[in-house]
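Structural description and commentary
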Amino acid sequence: MALREVLQFPDPRLKQVSEPIKEITDELRELAGDMCEVMYDEPGIGLAAPQVGEGVRLIVIDTDWSDEGNEKSPTVIVNPEFVEIEGKIVWEEGCLSVPDFNAEVTRSERVRVRGLDLDGNEIIEEAEGLRAVCLQHEIDHLNGVLFIDRISRLKRSMYVKRRKKQLAAEQSDDEVDISGSRF
Ligand code: NI
């Protein structure tokens, strides 16, 4: 089966606030599985459900994995919420939904996140450094926030301009393709 497509900025669905999950169903488990597949395929270290067009509060992360053969150990969190945040850290972030761009973002250095696993058991995730950054980045997605919403206005508008140009160029490429296959 084909992998789910990752939505890209400026898709308006990335701006929506996702709904809390009321019941853990087989469908939700399947979605979590699909999200892990997409995350490892890209590859990325985290993915939030709205990035694949599902507006529910579900994230997957694996900050230890690299494609050089480490074992995969995804953490799936249903309805994640912060119970503690502490400190300050600056990290260079990128996002599977924000093509061709990285920027430094200031976030909390340590977090404690509460949520449910796919069996409905409460889990507490304590993290610092990259893993804390990743959790904050993914939970932002659930609130319709991208990392480019957390950088300076100038940097953001430069990226938005570049991205619009890129999209316009892709569109004109498509037009060339279409005219080339007219019979
Ligand atoms: Ni992201």
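For the structure, see preceding data.
Keep in mind that this is a model prediction, so the values were computed, not measured.

Within this structure, the stated rule accounts for 15 salt bridges. Linking Glu54 and Arg4 is a salt bridge whose minimum nitrogen-to-oxygen distance equals 3.1 Å. Linking Glu54 in the loop between β1 (46-48) and β2 (58-61) with Arg4 in the segment before α1 (26-41), this pair joins segments that are 50 residues apart in sequence. Relative accessible area serves as the criterion here: at 30%, Glu54 is assigned to the partly exposed category. The salt bridge partner of Arg150 is Asp140, with a shortest N-O separation of 2.6 Å. Of this pair, Arg150 sits in the loop between α2 (130-142) and α3 (153-180) while Asp140 sits in helix α2, and the two are ten residues apart along the sequence. Accessibility expressed as a relative area gives 42% for Arg150, which makes it partly exposed. A relative accessible area of 8% means that Asp140 is categorised as buried. Within this structure, Glu93, Arg107, Asp140 and Arg150 form a network of salt bridges that share partners.

Glancing now at the state of the cysteines. Here the structure, examined in full by the defined rule, presents zero disulfides. Of the cysteine sulfurs around Cys134, a residue in no disulfide, the closest is that of Cys95, at 10 Å.

The next point concerns the nonpolar core. By size, the foremost hydrophobic cluster in this structure holds 19 residues, and its most contacted members are Leu28, Leu31, Met35, Leu47, Leu58, Val60 and Val76. Only α1, β2 and β3 (75-86) provide two or more residues apiece to this core. Here this core takes eight residues from α1, the largest share from any one element. Contacts of Leu28, omitting those with residues within four sequence positions, involve Ile21, Glu23, Leu58, Val78 and Leu118.

Basis of the calculations
- Residues numbered from 1 in each chain as written.
- Predicted model: local features only at pLDDT ≥ 70, side-chain atom pairs only at ≥ 80, totals over all residues.
- Heavy atoms only, no water.
- Salt bridge = Lys/Arg side-chain N within 4 Å of Asp/Glu carboxyl O.
- Helix = DSSP H or I, 4+ residues; strand = E, 2+ residues; numbered from the N terminus.
- Buried < 20%, exposed > 50% of the residue type's maximum accessible area, 1.4 Å probe, protein only.
- Disulfide = S-S within 2.5 Å.
- Core = buried A, V, L, I, M, F, W, Y, C linked by side-chain atoms within 4.5 Å.
- Contact = heavy atoms within 4.5 Å.

Read these as spatial facts, not as claims about activity.
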